[in-house]
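# Analysis of the macromolecular model
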Amino acid sequence: MSVDLLVAGGGPAGLATALHAVRAGLSVRVWEPRSDPVDKACGEGLMPGALALLAELDVDPPGHALRGIRYVGGGRAATADFGAGPGRGVRRTALHDALAHAVREAGVTVEHRTAREVRQDDAGVTVDGERAGHLVAADGLHSPLRRALGLERAPRARRRHGLRRHYRLAPWTSYVEVHWGAAAEAYVTPVADDLVGVAVLTSQRAGYDEHLAAFPALRERLAGAEPDGDVRGAGPLRQRTRARTAGRVLLVGDAAGYVDALTGEGVALGLAQARAAVDAVAAGDVARYEREWPRLTRRYRWLTAGLVAATRPAPARRAIVPVARAARPVFGLVVDQLASGHGRDVTRPDAAPARA
């Protein structure tokens, strides 16, 4: 056996899996075809729960402190602070650098390779001729391994996409601002003292600047600011899975299924799944991860799917900020639920499997 655990994918979920594996006494290797640092179009706001999961791994990425969430629309705003302490806006490349440094310090080998052919038997997994005890597929939203293993299900919802660009200017807010438009949401996340990320989520196909034009107040804030880097895109966001395991293979992170980026929980979910997957491998019980995954992700799936569906009609989108303002305690409770993370959700190993 080459290693106890082979991880396909060197994003946050894959690197966190490797770190947990080392701590569990497993030999591990990571395959990632992309060059460092690995970037991705995302909102880049880490909730307090995500920071706590990173702290467990002694990872502390640089960024900009976040007090909470602010919904903006129609000239009004509704604000809710994180009750569990501050979050942090962290540029995706800075998050990758911090995790990659921790992986190197732990002595884990990262090879620039793509996992293609997977064969397995009762004793292990063979990936492109390399032998391992188990394989974690953390190869992203459109996971080729998920598809090859027959774990992918056809989407049934409208397809939403995300676009992100950074701007060189001092942040005007210490909140993640969600600007609600007629057909899109724009997410403003301070990620450094001189850098702001603006991501757009929508089901309508158009260029980034065209979408941004639907938010005149935000566009005015960005007037004159120099873009930092190109526009990056991701999608379709909704990904459904038949299961999260197949034999000795476990899906972790976005590869395991994804609803939407609306609630900003992707990184926290990936980190929590990484820990749960390694716990299952170390226990010699892959099925344990399949049992735990539904509970680990339940709150995210319900809240995110519910919010996406509820804000699909145009009248509902116009009403979201006034309703949040009128029901501040409820808005604050939802934000706290999202912010607290998923590190303590796995308490029932007999939880029944659910479909993403």
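Structure report, in brief.

Turning our attention to the sheet that holds strand E5 (residues 68-73). Reading across the sheet, the seven strands line up as E6-E5-E14-E15-E16-E13-E17 and stay open at both edges, with mixed pairing between neighbours. Both edges of this open sheet fall to strand E6 (76-81) and strand E17 (226-234), since each of them pairs with a single strand only. Between one strand axis and the next, the sheet turns through 20° on average, direction left out of account. In this sheet, strand E14 (residues 175-180) lies alongside E5 in parallel orientation, the contact comprising five bridges. Among the inter-strand pairings, Tyr71 is bridged to a residue of E14, identified as Val178.

Attention now goes to the layout of surface pockets. Unoccupied space between atoms shows up once a probe the size of one water molecule is rolled over them. Here the second largest pocket is characterised by a volume of approximately 330 Å³. As for the second largest pocket, its lining consists of 20 residues, and the residues nearest its centre are Val72, Gly73, Gly74, Gly75 and Trp180. Of all elements in the fold, only E5, E14, helix H6 (216-222) and helix H9 (314-326) reach the threshold of two or more residues within the lining of the second largest pocket. Of all the elements, H9 adds the most residues to the lining of the second largest pocket, at six residues.

Turning next to the pattern of salt bridges. Using the criterion set out here, one finds 28 salt bridges in the structure. Note that Asp39 and Arg164 form a salt bridge whose closest N and O atoms lie 3.2 Å from each other. Here the residue Asp39 occupies a position in the loop between strand E2 (28-31) and strand E3 (45-46), and Arg164 occupies one in strand E13 (residues 161-168), the gap between them amounting to 125 residues. Per residue, the accessibility class of Asp39 equals that of Arg164, and both read buried. Between Arg88 and Asp60 there is a salt bridge, with its nearest N and O atoms 2.7 Å apart. Linking Arg88 in strand E7 (residues 87-89) with Asp60 in the loop between helix H2 (48-56) and strand E4 (64-66), this pair joins segments that are 28 residues apart in sequence. Among the residues examined, Asp60 registers a relative accessible area of 61% and is labelled exposed.

Cut-offs used in this document
Residues numbered from 1 in each chain as written. Predicted model: local features only at pLDDT ≥ 70, side-chain atom pairs only at ≥ 80, totals over all residues. Heavy atoms only, no water. Pairing = 2+ DSSP bridges. Helix = DSSP H or I, 4+ residues; strand = E, 2+ residues; numbered from the N terminus. Axes fitted to C-alpha atoms, helices over the stretch in contact; angles between N-to-C directions. 1 Å grid on protein atoms, 1.4 Å probe; cavity = no way out; pocket = protein on both sides within 12 Å on 5 of 7 lines; lining within 4 Å. Points joined across faces, edges and corners; volume = space filled by probe spheres on them. Salt bridge = Lys/Arg side-chain N within 4 Å of Asp/Glu carboxyl O. Buried < 20%, exposed > 50% of the residue type's maximum accessible area, 1.4 Å probe, protein only.

Spatial relationships are all this shows, so hold off on functional conclusions.
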